Amino acid sequence: MSIFAVTYSYGGPTELLNEHRPAHRAYLGELAQQGKVMGSGPFTDQGAAGALLVFSAESADEVRAILAEDPLVIAGVVTDHSVREWSINTGTWS
């Protein structure tokens, strides 16, 4: 298994984000129970709206397939994202 850092950029109407956020969180919660999501959450600073998600998966393609099923992606709220393999050297996840 490898670890992947995903960044989401949010766009579109705030109403869409608010409408689909509960389903998004439920989806990620299920993935966390399966051991796929190590952590996730929105950025809370004054920068652009978005989130960081950390996955444990076999490949970047697996992560992309998971993201394609995210209710926020399906609703078009996620306007851009990146998937990068991440090597953790220090900390409780290392």
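Structural data are supplied above this passage.
Residues numbered from 1 in each chain as written. Predicted model: local features only at pLDDT ≥ 70, side-chain atom pairs only at ≥ 80, totals over all residues. Heavy atoms only, no water.

Visitor: Would you mind showing me how to read the overall build of the chain here?
Guide: Along the chain, the regular secondary structure elements total three helices and four strands. In the chain, the succession of α and β elements from N to C terminus is β-α-β-β-α-α-β. Whereas a compact globule of 94 residues would reach a radius of gyration of roughly 12 Å, the chain reaches 13 Å, a difference of no more than 12%. Looking at the chain as a whole, 34% of its 94 residues are labelled buried. Counting only contacts in the chain whose residues sit at least 6 apart along the sequence, the fraction spanning at least 24 positions is 70%. Accessible surface, the chain: about 5700 Å² in total, of which carbon and sulfur atoms supply 50%. The positive charge centre, built from 5 side chains, and the negative charge centre, built from 11, are 4 Å apart in the chain. (Helix = DSSP H or I, 4+ residues; strand = E, 2+ residues; numbered from the N terminus. Rg over C-alpha atoms; globule rule 2.2 N^0.38 Å. Buried < 20%, exposed > 50% of the residue type's maximum accessible area, 1.4 Å probe, protein only. Contact = heavy atoms within 4.5 Å. Areas by Shrake-Rupley, 256 points an atom, 1.4 Å probe, with all protein chains shown as cover. Lys, Arg positive; Asp, Glu negative; His and termini not counted. Charge placed at Lys NZ, Arg CZ, Asp CG, Glu CD.)

Visitor: Can you walk me through the pattern of salt bridges in this structure?
Guide: A pair can form between side chains of opposite charge whenever their charged atoms are brought close. Tallying each qualifying case throughout the model produces two salt bridges. Asp-61 serves as the salt-bridge partner of Arg-64, at 3.2 Å between the closest nitrogen and oxygen. Residue Arg-64 and its partner Asp-61 are located together in helix α2 (residues 60-68), separated by three residues, close to a single helical turn. Overall, the relative accessible area of 57% leaves Asp-61 in the exposed class. (Salt bridge = Lys/Arg side-chain N within 4 Å of Asp/Glu carboxyl O.)

Visitor: How should α2 be read in this particular structure?
Guide: Helical geometry: 3.6 residues make up each α-helical turn, so side chains three or four residues apart lie on a common side. Considered for burial, the residues of α2 that qualify are Val-63, Ile-66 and Leu-67. Down the axis of α2, the smallest arc covering the buried residues is 100°, so these residues share one side. (Arc of directions from axis to C-beta.)

Visitor: Explain the side chain of Ser-56 here, please?
Guide: Within the secondary structure layout, Ser-56 lies in strand β3 (residues 50-57). Ser-56 gets classed as buried once you look at its relative accessible area, which sits at 14%.

Visitor: Help me understand the sheet that holds strand β4 (residues 78-85) in this model?
Guide: The pairing of strands in a sheet comes from backbone hydrogen bonds and takes either a parallel or an antiparallel form. Taken in spatial order, the four strands of this open sheet run β2-β3-β1-β4, and their pairing is antiparallel. Looking at which strands have only one partner, the edges of the open sheet turn out to be β2 (37-42) and β4. Across the sheet, the mean angle from the axis of one strand to that of its neighbour is 15°, orientation sign disregarded. Pairing of strand β1 (residues 2-10) with β3, which is carried by eight bridges, proceeds in the antiparallel orientation. Its bridge partner being in β3, Ser-9 is matched across the sheet by Gly-50. Packed onto the sheet, helix α1 (residues 14-33) meets β1, β2 and β3 and runs at close to 160° relative to β2. (Pairing = 2+ DSSP bridges. Axes fitted to C-alpha atoms, helices over the stretch in contact; angles between N-to-C directions.)

Remember, this is a structural readout, not a statement about activity or role.
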